[in-house]
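Working through the structure, step by step
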Amino acid sequence: MSEKTIPIRPEEQIRLLKRENELLNSIIQGASDSVYAKDVEGRYITINQAGASYFGKGVGEIIGKTDVELLGEDSARKIVEHDAKLFESGQPVSYENRGNFGIGSSYFSTTKSPLRDSDGKVIGLIGISRDVTDARLSEEKYRFIFDNAPFSFWEEDFSRVKLFLDGLKAAGITEVRKHLQNNPELIEKCIDMISVKNVNRTTFGMYGVVDKPSFIKKMNRNFTPESESIFLDEFVAIAEGKTHFQTEGSFINLNGDTIDVQFNLNVLPGHEEDLSLILVSIVDITDTNQLTDELNVIKGRYQSIVEAQSEMICRINPKGKVIFRNVAFTRFFRFKDSQTETRFASLFPPTELEKCEQEMMKLSAREPNRVWELRNYDEQGNLVWQEWSATAFYGKSGILLGYQAVGKDVTSRKMAQDALGASEARWRSVFEHADDLIMTVNSEGYILSVNDYADLPGNIKWAGKTIDEVMSPANATSAMELLNTVFSTGKPLKTEFKMARMDNGLVDNYGVALSPIFHGTRVITVICIARNINEAKAFEKHHREALIEGQESERMRVSQELHDGLGQLFTAIKLNLQHLKTGVDGGGLSSEAQESVKTLEENIGIAITEVKNISRNLMPDVLWQFGLKPAIEDLVYKWNTTVELEISLELVDMNARFSPELEKALFRICQELVNNSICHGQANRVYVQLINHGNSIVLMVEDDGIGFDPKEASTGFGLRNIWSRAEVFEGRVEIDSGPNRGTVTTVEVPLNNSLTR
Amino acid sequence: MIRVLITDDHEMIRNGLSSLLRGETSILVVDMARNGKEALDICGTRQIDVVLMDIMMPEMNGVDATRAIREKHPDIKVLAVTINDEPRFIKEVLQAGASGYILKHSTKEEIVRAILDVSENKQHFSSEVLSKISGQFAMGDKEDTPMLTKKETAVLRLIAQEFTNQEIADKLDCGIRTVDTHKRNLIKKLEVKNVVGLVKYALKMGVVAN
């Protein structure tokens, strides 16, 4: 000791000591750590203010008490154990414990040293305890984040790698990357030098493993050769002294899946020198990359589709400026590349600009699409019409993202519309002044328009009504059948149509022409032109009646003449011959004369039979004597006895007599139909039914023969004859047949007073 | 003496028959009528035993006249003498009350025999007539159960299975109006009121499973 000792006076010495003591005391008292002294019994000898506050008590309350008395046996156990250890060994102790001092759970870091007397005997201890709760919690937080983060976290020790790389530099290697690339085994070596301290749970998931220790141990085998480039980049960064490194790459994990990852390497603070603790985070961006790729494909596809359109297409930002345009758009507006941010509306002539702006303003989340027409001028200065369809796009939060506008040239359409307007005016005039009923009807039977036809049945306004409303139910059904045929086939139709007047039930005959109106390939409306053909019909009916009546009366006449004339004459001759033979007047004849009279009688008998047969075939006596029922019964009976097939007859309520014309007509029709079945139908069974429904008579002939196509046979003479006979009585003929499914023919004749007797 | 009335619309026949019978001692031709109505009138005014009745005549035919005469004068017998040998005629006139049926070209003997037979409350048919009427007389007797055709049976079954007219038309490959006609005919024939009746009938007759 070279210092010269300056003698101090005793009073001065005491004063200094006192001062030193006060100084120490004030330091101890002002410290934020708990400073205290205990005797060997564990009783507090002294404690500073901070220490007392840990207990939540005053200094005076603590002095002279033990930890057990202050904290209770459980909480004090650890403290007592450490104190005992100190007193036993005489050595200082350091420990961390968790204490509960009534003011919440806290962590304490404690250092205790023995207190000895002048003889060196341990008489107590001096302790300093520090509240390290905050530090402990931040460590815990770090751990928690480390373990539960959705990223793969690695704590790695790169110190050996650092030493190795420093060694390379020391050996004069400046281009570390090149050197490692040339010596791939060095990369392997470096990887082996990395010591993994810890990995988190996400890492297991990413690598498909569950067992932490074995994973860490085999960490270097967890990567495939493909991942070496990532490591190379990593090592180069370290060699360059970087404390932060980021790269993207892909590797194949143990399950064989290719994973795209983002690597982040951060040297943790305090370890910059030796790189003993490095936090590596690996983020799986496979999904993100896939999404990006798909997005790019979609974008490319959109672009190529948009480019190929003949329509003008552009994207407009929320400020109304064009940010994308396709070829057609660029061509029309003669865009130069420099014109990148032109206002969309400003592309139109001044007269249209305002309209365009207004239309854009009207777009909203509720009405994101609008279509409008604008005039414009092409390159040659010709007026063109354009139709623009704009769509506004909104983000999730309702923020306007931008617009897409699609424009097309509608000049020719406009022209056509004008031309159509002119032709429509011409059509209107024809429509309004025609003598025929002209109307347009849609597929639901709704009458869209009707001309001013003077003789409109029912005298009610047809326009805006449905077919159901303007016609009787039966008429409406048939009308809809006709309309539906045109709607479904798309072919025009011409037919006749009977329509009962709604007011008085009189029936009008119409010649009807139905023509489809197409929109594309679909029939949207049908134009119906109807002409009243009552007069033509009446003429035709009279004509037909006259014809048939002529036919029938001629038969009748011949029949009667044969019957009444020849037949009766022969009969009378025969009677007279008998008279001659027996001779009332007694004039005996020679035996030769008798013989020739007998021959004459026989011949006349044959002649009578012949005449009868001819007459009967022309007009059956039974029919006009007894009526339809017996006549048809006889007819069927005769057929059944002469032909192979079986004919069944059913007559219901047919005892009444009808007008001779109707009886003849139905008899002939029946004869004709059954003859058809017998001669052409190859039937085994024929059913004939004649049913009187009161308001009509139904004749139905059904067979199980080979059938025929009604369309092909409808012009055949027999059927035409049937049809004309029925027509005279305003009856209908329905033929249901087809190859190999028999034939059902229905003839229904309405009955009125003039037809019954 | 049998008092006879000759009824025929042809003068030649009236005269022929009249002269043929003139020599018969048991038969007296009292009068001649030109149609059924005249015959009926004469029967009301004169005493007649047997009426020779033609069938096909104007005003009133032989069948109606026979019926009327037999109704009003049950004692007067009617003998049909006609040119027509159709079974229908025979049947009709017999149902109307005639006692015999001979043909105009029968022999004198036959005619006389027939008049005698009829007047004695017997029936007389010429042999030709007998051969015609044998076999056909059962005809026309109405059966109790109405006949259903094949198509009608099919329609009835489908109605009972609750198919609509259109569906039935599609299934049977025929027109909807034909189906409607079948339906109406069935209602009429089976004497039911409506479709419900048809369904009941179908169930009753086993056309469709219950």
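Residues numbered from 1 in each chain as written. Chains lettered and ligands numbered in written order. Predicted model: local features only at pLDDT ≥ 70, side-chain atom pairs only at ≥ 80, totals over all residues. Heavy atoms only, no water.

**Let's talk about the nonpolar core**
- Formed by 68 residues in total, the largest nonpolar core has its most connected members in Leu628(A), Leu662(A), Leu699(A) and Tyr101(B).
- No other element matches helix 23 (residues 660–679) of chain A, which puts eight residues into this core.
- Residues within four places of Leu699(A) in sequence aside, it is in contact with Leu666(A), Ile669(A), Cys670(A), Leu673(A), Val688(A), Gln689(A), Leu690(A), Thr745(A), Thr746(A) and Val747(A).
- Core analysis: the second largest hydrophobic core is formed by 36 residues, Ile194(A), Leu232(A), Val261(A) and Val280(A) among them. (Core = buried A, V, L, I, M, F, W, Y, C linked by side-chain atoms within 4.5 Å. Buried < 20%, exposed > 50% of the residue type's maximum accessible area, 1.4 Å probe, protein only. Helix = DSSP H or I, 4+ residues; strand = E, 2+ residues; numbered from the N terminus. Contact = heavy atoms within 4.5 Å.)

**Focus: the sheet that holds strand 20 (residues 522–532) of chain A**
Residue and element names in this part refer to chain A.
- Strand order in the open sheet formed by five strands is 17-16-20-19-18, and the pairing between neighbours is antiparallel. The open sheet terminates on both sides in strands that have one partner only, identified here as strand 17 (447–450) and strand 18 (493–500). Strand-to-strand twist across the sheet, computed as the mean angle between neighbouring axes with direction ignored, equals 30°.
- Inspection of the sheet shows strand 16 (residues 437–442) paired to strand 17 by three bridges, in the antiparallel sense. Paired with Met-439 across the bridge in strand 17 is Val-450.
- The strands that helix 16 (residues 411–433) touches are strand 16, strand 17 and strand 20; relative to strand 17, the one it contacts most, it runs at about 80°.
- Across the sheet, helix 18 (residues 473–489) touches strand 16, strand 18, strand 19 (507–519) and strand 20, and the angle it forms with strand 18 is around 165°. (Pairing = 2+ DSSP bridges. Axes fitted to C-alpha atoms, helices over the stretch in contact; angles between N-to-C directions.)

**Details of the interface of chain A and chain B**
- Across the contact, 51 residues belong to chain A and 52 residues belong to chain B.
- Taken over both partners, the interface formed by chain A and chain B buries close to 4500 Å², and the fraction arising from carbon and sulfur atoms is 56%.
- The three residues of chain A that bury the most area against chain B are Gln568(A), Leu575(A) and Phe626(A), which together make up 14% of that side's buried surface.
- Taken together, chain A and chain B are joined by three salt bridges.
- When the shortest N-O distance is used, the salt bridge between Arg184(B) and Glu748(A) registers 2.6 Å.
- Linking chain A with chain B are 15 residue pairs in polar contact (both at pLDDT 80 or more), by the criterion used here.
- Examining the composition of the side of chain A that touches chain B, we find that 13 residues originate from one element, helix 19 (residues 534–582) of chain A, more than from any other. (Buried area = accessible area lost by both parts, 1.4 Å probe. Salt bridge = Lys/Arg side-chain N within 4 Å of Asp/Glu carboxyl O. Polar contact = N/O pair within 3.5 Å; in protein donor to acceptor, adjacent residues only side chain to side chain.)

**Remarks on the packing of aromatic side chains**
Residue and element names in this part refer to chain A.
- According to the stated counting rule, one finds twelve aromatic pairs over all chains in the structure shown.
- On the numbers, 4.7 Å between centres and 45° between planes, the contact of Phe-329 with Phe-333 is tilted. Summarising the burial analysis for this pair, Phe-329 and Phe-333 share the class buried.
- Ring centres 5.2 Å apart and planes at 80° place the aromatic pair Phe-344 and Trp-388 in the edge-to-face group. Separated by 44 residues along the polypeptide, Phe-344 in the loop between helix 14 (327–332) and helix 15 (350–362) and Trp-388 in strand 14 (residues 383–394) bring together distant segments of the chain. (Phe/Tyr/Trp six-rings, centres within 6.5 Å; stacked < 30°, edge-to-face > 60°.)

**As for the pattern of salt bridges**
- A complete count under the given rule lists 33 salt bridges over all chains for this structure.
- Lys108(B) serves as the salt-bridge partner of Glu24(B), at 3.6 Å between the closest nitrogen and oxygen. Of the two residues, Glu24(B) sits in the loop between helix 1 (11–21) and strand 2 (27–33) while Lys108(B) sits in helix 5 (residues 108–119), which places them 84 residues apart along the sequence.
- Of the charged contacts, one joins Arg113(B) and Asp117(B) as a salt bridge, the two residues approaching to 3.3 Å between their closest N and O atoms. Here Arg113(B) and its partner Asp117(B) are both found in helix 5, four residues apart, which amounts to about one turn of the helix.
- Classification of Asp117(B) as buried rests on a relative accessible area of 10%.
- Several salt bridges converge on common partners, so that one network encompasses Arg732(A), Glu734(A), Glu748(A), Asp180(B) and Arg184(B).

**Quick word on the environment of Arg668(A)**
Residues and elements named next belong to chain A.
- Mapped onto the elements of the fold, Arg-668 is located in helix 23.
- Each C-alpha atom, one on Arg-668 and one on Ile-632, is 9.8 Å from the other, the two residues being 36 residues apart in sequence.
- In this structure the side chain of Arg-668 is engaged in a polar contact, spanning 2.9 Å, whose partner is the side chain of Gln-671.

**Concerning helix 10 (residues 195–204) of chain B**
Residues and elements named next belong to chain B.
- Along helix 10, the residues that are buried comprise Gly-197, Leu-198, Tyr-201 and Ala-202. Buried positions in helix 10, seen along its axis, are confined to an arc of 140° and lie on one side of it. Exposed residues on helix 10 whose side chains face more than 90 degrees from its buried face are Val-196, Lys-200 and Lys-204.
- Backbone nitrogen of Val-196 and a side-chain oxygen of the N-cap are separated by 3.2 Å at the start of helix 10; the cap is Asn-194.
- After helix 10 finishes, the residue Gly-206 shows a positive phi value of roughly 75°. (Arc of directions from axis to C-beta.)

**What to know about the confidence of the model for chain B**
Residues and elements named next belong to chain B.
- When pLDDT is averaged along chain B, the result is 85; 92% of the residues meet or exceed 70.
- Note on residues 138–142: pLDDT is under 50 here. Beyond four places in sequence and across chains, it has eight contacts.
- For this predicted complex, the interface score ipTM comes out at 0.72, while the overall pTM is 0.42. (pLDDT = per-residue confidence, 0-100.)

**Quick word on the side chain of Glu359(A)**
Residues and elements named next belong to chain A.
- Along the chain, Glu-359 turns up in helix 15.
- Residue classification places Glu-359 among the buried residues on the basis of a relative accessible area of 9%.
- Non-local contacts of Glu-359, meaning those with residues more than four positions away in its chain, are made with Arg-370 and Trp-372.

**Quick word on the confidence of the model for chain A**
- Considering every residue of chain A, the mean pLDDT works out to 80; 89% of them sit at 70 or more.
- Here helix 11 (residues 212–217) of chain A stands out as the element of chain A with the lowest mean pLDDT, 61, in contrast to strand 23 (residues 696–703) of chain A, whose mean of 92 is the highest.

**Observations concerning the pairing of strand 16 of chain A**
Residue and element names in this part refer to chain A.
- Within strand 16, six of the six residues are buried, which leaves it mostly tucked inside the rest of the structure.
- Side chains of strand 16 alternate between two faces, with Leu-437, Met-439 and Val-441 and Ile-438, Thr-440 and Asn-442 buried alike.
- Where strand 16 and strand 20 come together, six bridges link them in antiparallel fashion. Looking across to strand 20, one finds that Thr-440 is bridged to Ile-527.

**Quick look at the packing of helix 7 (residues 150–160) of chain B against helix 8 (residues 165–172) of chain B**
Residue and element names in this part refer to chain B.
- At a minimum axis separation of 10 Å, helix 7 and helix 8 run at an interaxial angle of 135°. Here helix 7 lies oblique to helix 8, going by the angle between them. Of the two elements, helix 7 crosses helix 8, and the hand of that crossing is right-handed. Contacts between helix 7 and helix 8 pair Ala-154, Val-155, Leu-158 and Ile-159 from the former with Ile-168, Lys-171 and Leu-172 from the latter. (Parallel < 35°, antiparallel > 145°, perpendicular 65-115°, else oblique. Left-handed = near helix turned anticlockwise from the far one by under 90°.)

**Re a nonpolar patch on the surface**
- The grouping of Leu566(A), Leu569(A), Ile573(A) and Met12(B) at the surface amounts to a nonpolar patch, some 300 Å² of accessible area in total.
- Broken down by element, the residue count for the nonpolar patch peaks at three residues, all from helix 19 of chain A.
- For Leu566(A), the position within the fold is in helix 19. (Patch = residues over 30% accessible without salt bridge, like charges linked within 9 Å, V, L, I, M, F, W, Y side chains within 5 Å. Areas by Shrake-Rupley, 256 points an atom, 1.4 Å probe, with all protein chains shown as cover.)

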